[in-house]
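This is what each chain is made of:
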Amino acid sequence: MSAPQQPIFDLGQVQYSLPARLISLVVSSDILAMGLANNVLVLLELSRDDQVFTLPIPRKPADFAIHKMFLDPSGRHLLITSAQGENYYLFRGWKKPRLLKGFKM
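Here we summarise the structure given alongside this text. (Residues numbered from 1 in each chain as written. Predicted model: local features only at pLDDT ≥ 70, side-chain atom pairs only at ≥ 80, totals over all residues. Heavy atoms only, no water.)

1. Notes on the pattern of salt bridges
Applying the stated rule across the entire model yields two salt bridges. Measuring nitrogen to oxygen at the nearest pair gives 3.3 Å for the salt bridge that ties glutamate 45 to arginine 92. Remark: arginine 92 occurs in the loop between β7 (87-91) and β8 (98-99) and glutamate 45 occurs in strand β3 (residues 40-45); sequence separation between them is 47 residues. Its relative accessible area of 16% is what places glutamate 45 among the buried residues. Look at arginine 92 and you get partly exposed, because its relative accessible area is 38%. For glutamate 86, the salt bridge goes to arginine 59, with nearest N and O atoms at 2.2 Å. Taken together, the residues span a long stretch of sequence, with glutamate 86 in the loop between β6 (77-82) and β7 and arginine 59 in the loop between β4 (52-56) and β5 (66-71) at a distance of 27 residues. (Salt bridge = Lys/Arg side-chain N within 4 Å of Asp/Glu carboxyl O. Helix = DSSP H or I, 4+ residues; strand = E, 2+ residues; numbered from the N terminus. Buried < 20%, exposed > 50% of the residue type's maximum accessible area, 1.4 Å probe, protein only.)

2. Description of the sheet that holds β5
The pairing of strands in a sheet comes from backbone hydrogen bonds and takes either a parallel or an antiparallel form. Strand order in the open sheet formed by four strands is β5-β6-β7-β8, and the pairing between neighbours is antiparallel. Looking at which strands have only one partner, the edges of the open sheet turn out to be β5 and β8. In the sheet, β5 pairs with β6 via five bridges, with the strands oriented antiparallel. From the neighbouring strand, isoleucine 66 faces β6, where its bridge partner is serine 82. (Pairing = 2+ DSSP bridges.)

3. With respect to the nonpolar core
Counting 15 residues, the largest nonpolar core has Leu41, Ile57, Ile66, Met69, Leu78 and Ile80 as the members making the most contacts within it. Counting only elements with at least two residues in this core, the list comes to β2 (31-36), β3, β5, β6 and β7. Residue contributions to this core peak at three residues, all from β5. Sequence-distant contacts of isoleucine 80, defined by excluding residues within four places in its chain, comprise Leu41, Ile57, Ile66, Lys68, Met69, Glu86, Asn87, Tyr88 and Pro97. If you look at the next biggest cluster of nonpolar residues, it comprises seven residues, including Leu32, Met34, Leu36 and Val40. (Core = buried A, V, L, I, M, F, W, Y, C linked by side-chain atoms within 4.5 Å. Contact = heavy atoms within 4.5 Å.)

4. Observations regarding the sheet that holds strand β1 (residues 22-28)
Taken in spatial order, the four strands make up an open sheet running β1-β2-β3-β4, and their pairing is antiparallel. Only two strands of the sheet have a single neighbouring strand rather than two, namely β1 and β4. On average, each strand axis in the sheet is tilted by 15° relative to the strand beside it, whichever way the strands run. Two strands pair when backbone bridges link them, and β3 and β4 are joined in this way by five bridges, in the antiparallel orientation. Bridge assignment links leucine 43 to a residue of β4, and that residue is phenylalanine 53. (Axes fitted to C-alpha atoms, helices over the stretch in contact; angles between N-to-C directions.)

5. Some details on the packing of aromatic side chains
Counted under the stated rule, the structure contains three aromatic pairs. Their ring planes at 85° and their centres at 5.3 Å tell us that phenylalanine 64 and tyrosine 88 sit as a pair that is edge-to-face. With phenylalanine 64 in the loop between β4 and β5 and tyrosine 88 in strand β7, this residue pair connects regions lying 24 residues apart in the sequence. Each member of the pair, phenylalanine 64 as well as tyrosine 88, carries the same accessibility label: buried. (Phe/Tyr/Trp six-rings, centres within 6.5 Å; stacked < 30°, edge-to-face > 60°.)

Below is the structure:
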């Protein structure tokens with residue numbers, strides 16, 4: 001008889017209520033990143049439930065709307081795209097995302 005195999009994925013609960021409507025969600029390497037309708041990024045470290053970071057994008061919701069987000073496999077580099085064609089970059093540990101001026105549309 002072979003030993004029982006561990007599941008590839010393990011689903012667990014995270015207790016967190018969203019302060020605004022969810023626009024985009026990405027998960028990679030124990031990091032869950034959510035982009036909300038009020039231009040706030042929420043970063044959760046899934047292995048440590050006390051690690052929740054809320055970072056605003058310094059733009060008014062009327063001028064900037066999150067369209068989609070992309071997180072690299074290491075969970076350190078986050079790209080945020082907007083419906084208006086602007087793009088922001090956030091490195092893990094930074095306090096606010098930076099506008100990518102030469103990377104429009």
